[in-house]
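# Understanding the architecture of this molecule
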Amino acid sequence: MFVVGGESLIDLVPGSDGARVAHAGGSPFNCAIALRKLGNDVGFLCPISQDEYGDLLLTPLAEAGVSVLLEARVAAPTTKAIVSFNERMQASYVFERGADRAFSRDGLMAALPGAIELYQIGGFCPILPEDAAVWSDVVKSAIGRGATVSFDINVREKLVDDEAGYRERLGHFLDLAHIIKLSEEDHEWLHPGQSIESHADALLERPNCELVVVTLGEGGSRAFTREASAVAPIYKPAVFGDTVGAGDSLMAGILTWLEEAVSLRPEALMALSEGQLGRMLGFGAVVAGINCGRKGCQPPSRAEVDAVLAWVRPGS
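Residues numbered from 1 in each chain as written. Predicted model: local features only at pLDDT ≥ 70, side-chain atom pairs only at ≥ 80, totals over all residues. Heavy atoms only, no water.

## Regarding helix 1 (residues 27-37)
Rules: For every residue, the accessible area (1.4 Å probe, protein chains only) is compared with the maximum for its type, and the residue is labelled buried under 20%, exposed over 50%, or partly exposed between those bounds. Think of it this way: any DSSP run of H or I at least four residues long counts as a helix, any run of E at least two long counts as a strand, and we number them from the N terminus.
By the criterion of burial, helix 1 is predominantly enclosed, with nine of the 11 residues buried. Listed as buried for helix 1 are Ser27, Pro28, Phe29, Asn30, Cys31, Ala32, Ile33, Ala34 and Leu35. Trailing helix 1 by a residue or two, Gly39 shows a phi angle of about 110°, which is positive.

## Structural notes on the side chain of Asp186
Rules: Just so you know, the count uses Lys and Arg for positive and Asp and Glu for negative, and it drops His and the chain ends. Put simply, a salt bridge is a Lys or Arg side-chain nitrogen that is within 4 Å of an Asp or Glu carboxyl oxygen. For this analysis, residues touch if any pair of their heavy atoms sits within 4.5 Å.
Looking at the element boundaries, Asp186 is found in helix 6 (residues 184-190). Buried charged residue Asp186 carries no salt bridge. Nearest counter-charge: Lys181, at 5.8 Å. For Asp186, the contacting residues outside a window of four places in its chain are Ile153, Asn154 and Val155.

## Description of the sheet that holds strand 9 (residues 148-152)
Each strand in a sheet pairs with its neighbour through backbone hydrogen bonds, running either in the same direction (parallel) or in the opposite one (antiparallel). Inclusion rule: Whether two strands pair comes down to DSSP finding at least two bridges between them. Every axis in this analysis is a line fitted to C-alpha atoms, fitted for helices over the stretch in contact. Angles between the N-to-C directions lie between 0 and 180 degrees.
Here we have nine strands laid out as an open sheet, ordered 5-4-1-8-9-10-11-12-13, and mixed in their pairing. For this open sheet the edge positions go to strand 5 (67-68) and strand 13 (229-232), each flanked by a neighbour on one side alone. One ladder, built from five bridges, connects strand 8 (residues 118-122) with strand 9; its direction is parallel. Counterpart to Tyr119 in the pairing with strand 9 is Val149. This element, helix 7 (residues 196-204), spans strand 10 (179-183), strand 11 (211-215) and strand 12 (221-224) of the sheet and lies at about 40° to strand 12.

## Observations regarding the pattern of salt bridges
As enumerated under the stated definition, the model contains 15 salt bridges in all. Notably, a salt bridge pairs Asp55 with Arg73, separated by 2.7 Å at the nearest N-O pair. Note that Asp55 is positioned in helix 2 (residues 52-64) and Arg73 in the loop between strand 5 and strand 6 (80-85), a separation of 18 residues in sequence. On the basis of relative accessibility, which here comes to 29%, the residue Arg73 falls in the partly exposed class. Across the pair Asp100 and Arg97 runs a salt bridge, and its minimum N-O distance is 2.6 Å. Judged by its relative accessible area of 4%, Asp100 falls in the buried class. The partly exposed category is assigned to Arg97, whose relative accessible area is 25%. Residues joined by salt bridges that share partners form a network here, namely Arg97, Asp100, Arg101, Glu130 and Asp131.

## Quick look at the layout of surface pockets
Defined as follows: As defined here, a cavity is a set of points on a 1 Å grid over the protein atoms alone where a 1.4 Å probe fits but cannot get out. A pocket is an open set with protein on both sides within 12 Å along at least five of seven lines, and residues line them when an atom is within 4 Å of a point. Grid points are joined across faces, edges and corners, and a volume is the space filled by probe spheres set on the points. Under the scheme applied here, ten amino acids are nonpolar (Ala, Val, Leu, Ile, Met, Phe, Trp, Tyr, Cys and Pro), four are charged (Asp, Glu, Lys and Arg), and all others, including Gly, are polar.
Taken as a whole, the second largest pocket holds about 370 Å³ of empty space. Lining the second largest pocket are 20 residues; nearest its centre among them are Ala24, Ile33, Pro60, Cys297 and Gln298. Secondary structure elements with two or more residues in the lining of the second largest pocket: strand 2 (9-14), strand 3 (20-25), helix 1 and helix 2. Broken down by element, the lining of the second largest pocket gets its largest block of residues, five residues, from helix 2. Here the lining of the second largest pocket is composed, by residue class, of 11 nonpolar, five polar and four charged.

This is how it looks when you write it as structure tokens:
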């Protein structure tokens, strides 16, 4: 099973009439749904509130077939993100946290499956020291159950009020990860002025990292191992919606490609060739691009992805 741990929340998005519309979201939540829609067996590890927004979160999880690993719902209100868009329809967020923090170490540990192929984490987990300590123990337990660890850095600057502490906690998670994904914005916040190549090299020097993926917005994406690298363009949908969930969808596509290529284990990650990295990024780009053809995060099914790939393949 793939397990995704981290926040779920409600995105409050500007509607056409000026009122805000509620959409289920959160980076780990989006990634869990995208992974399941691509055909993986997925469990989601996050408390869900008893409030009506909790009902809204459970619906897409159930529709996609994601297993909710924490079955007992919590009294804390659902975490919310107030979303704004710039002129290019790129999203920014202000957060009100709640149920995503209503967990205990024992509860999370008890909910972990006995065997885990992949453990995906990121988002809010390193932000607060008390939360990071618990999530760190969960990651270590997942590794003990056989998991490859992927980490989506996804810096949420507006939630960080202790930058030095956050960087230290983030570094601890990065030391546990075999696969690290970050956006160009994450890179600029973490290492302003440094080249992406040197940042990737530094990440690959960490104890367990074998693959780094950097998303570049309209510039596509890049992948790095110690021995190879590759670049891929975005896939542009016929009609553009917005970028909500694009990075989460791309991450799900990359992890799915690695699983199907029998390359998800650390020893296989380090052996990926330039051509394999390019195909991996291309698959992820199609998953992300289809999502960007819709409003909000609505990851594609595997059939939708395969239909696009069949159309864009040379000679098809």
